[in-house]
Amino acid sequence: MLIYYFTATGNSLYAAKYLRSAISNVRLESIPKMIREQKFQADDESIGFIFPLHYGGLPMLVEEFARKLELSNARYIFAIATCGIPFLGEPFNELEEILNRKLNASWFLRLVSNYLPSRDTAADWRIRFRYWWADRQLPKIVESISKNESRSTWEFGKNLCRKMHEDWKSRKSELDKNFICDRSRCIRCGMCEKICPVRNVSRPHGFPQWNHNCVECLGCLHICPKQAIDVGEITKNRKRYRHWRIKPEELLR
Ligand SMILES: Cc1cc2nc3c(=O)[nH]c(=O)nc-3n(C[C@H](O)[C@H](O)[C@H](O)COP(=O)(O)O)c2cc1C
Ligand code: SF4
Ligand code: SF4
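How each quantity is defined
- Residues numbered from 1 in each chain as written.
- Chains lettered and ligands numbered in written order.
- Predicted model: local features only at pLDDT ≥ 70, side-chain atom pairs only at ≥ 80, totals over all residues.
- Heavy atoms only, no water.
- Near = heavy atom within 4 Å.
- Nonpolar A, V, L, I, M, F, W, Y, C, P; charged D, E, K, R; others polar.
- Helix = DSSP H or I, 4+ residues; strand = E, 2+ residues; numbered from the N terminus.
- Polar contact = N/O pair within 3.5 Å; in protein donor to acceptor, adjacent residues only side chain to side chain.
- Contact = heavy atoms within 4.5 Å.
- Axes fitted to C-alpha atoms, helices over the stretch in contact; angles between N-to-C directions.
- Parallel < 35°, antiparallel > 145°, perpendicular 65-115°, else oblique.
- Left-handed = near helix turned anticlockwise from the far one by under 90°.
- Pairing = 2+ DSSP bridges.

*Asks:* Hey, could you run me through the site of ligand 2 in this one?
*Replies:* Near ligand 2, the surroundings consist of Cys186, Ile187, Arg188, Cys189, Gly190, Cys192, Pro208, Cys224, Pro225 and Ile229. A breakdown of the residues in the shell around ligand 2 according to their chemical character gives eight nonpolar, one polar and one charged.

Structure (structure tokens):
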């Protein structure tokens, strides 16, 4: 089985690693890496996609990858969208349209929202509870996948979410326009540059600058060890997030 994943703050990577440890013969491949290496051919019979929900739909890189992907032998295809609020949006519908075939199974997996511009990261007790809950869902997901079970999931607010999602994508060249770096905090470690899946961060004088090709994964903002990166004033003093069982190095390019 081959599982393609995309992650910025580790939720989706955690789920992907869980599946790899619980199911035999699972390989994980990072979607940004596949795009960089131009690897769009998959011969496996079982294929999975695990990614964060972005504006009620697919992350831009997952969409780009799925459009190019050729699934020659796939018999069982599943997808998991990690998210803060499940069921709102249509990532699976979108993926089916792009792949031009039905998914055999799909799940929303509620974890912790990393979308800091809209609200602060959940309190620690709430994060603990979400992890506990996700760890109760994952064995059920594993069981279904192991038996090649068919399963669909609710997707609410489709029209509204589609509009919101399309509008977000149309603003791509300006998604990073309010990103700022507080140079008095920055230690020029380069982690913001290394985590960026689209090489949108350069550091001409050691400090980050953003080059308007952002897919708004928010990896750079969350990984900065000095909390030097913000989206304007909105994210100031909001708590940065990374899945507690994922190390920073696992998220870097
Ligand atoms: C640009 C952006 C948009 C997001 N939109 C949604 C959303 O519509 N619904 C939701 O529940 N979570 C949303 N989130 C939160 C992520 O889906 C959630 O935190 C996810 O588990 C992060 O996965 P990762 O840690 O693998 O990157 C959004 C996050 C980002 C960065
Ligand atoms: S991750 Fe933070 S501290 Fe490191 S170079 Fe980037 S902005 Fe500076
Ligand atoms: S610049 Fe930051 S938010 Fe934008 S794609 Fe790169 S890591 Fe993600």
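There's plenty left to go through after this.
*Asks:* How should the side chain of histidine 222 be read in this particular structure?
*Replies:* If you trace the backbone, histidine 222 turns up in helix H8 (residues 219-223). A distance of 2.9 Å separates a polar side-chain atom of histidine 222 from the backbone nitrogen of tyrosine 241. Beyond its immediate sequence surroundings of up to four residues, histidine 222 is in contact with Thr9, Asn114, Leu116, Arg240 and Tyr241.

*Asks:* I keep staring at the packing of helix H1 (residues 11-22) against helix H5 (residues 124-146) and nothing clicks. Help me out?
*Replies:* Between two packed helices, both the angle of their axes relative to each other and the distance between the axes serve to describe the pair. Viewed as axis vectors pointing N to C, H1 and H5 meet at an angle of 50 degrees, and their least axial separation amounts to 10 Å. With respect to H5, the axis of H1 lies oblique. Considering how the two elements wind past one another, H1 and H5 form a crossing that is right-handed. Counted together, Tyr14, Ala15, Tyr18, Leu19 and Ala22 of H1 and Asp135, Leu138, Pro139, Val142 and Ile145 of H5 form the full contact between these two elements. Here the residues of the contact of H1 with H5 sort into nine nonpolar, no polar and one charged.

*Asks:* I'm lost on the sheet that holds strand E7 (residues 105-110) in this one. Help?
*Replies:* Within a sheet, each strand pairs with its neighbour through backbone hydrogen bonds, oriented either parallel or antiparallel. Within the open sheet, the five strands sit side by side as E2-E1-E4-E6-E7. Their pairing is parallel. Each of the sheet's edge strands pairs with one partner strand only, and the pair in question is strand E2 (27-30) and E7. Averaged over all pairs of adjacent strands, the angle between strand axes in this sheet comes to 20 degrees, irrespective of strand direction. Inspection of the sheet shows strand E4 (residues 46-52) paired to strand E6 (residues 76-83) by seven bridges, in the parallel sense. Bridge pairing in E6 places isoleucine 50 opposite isoleucine 80.

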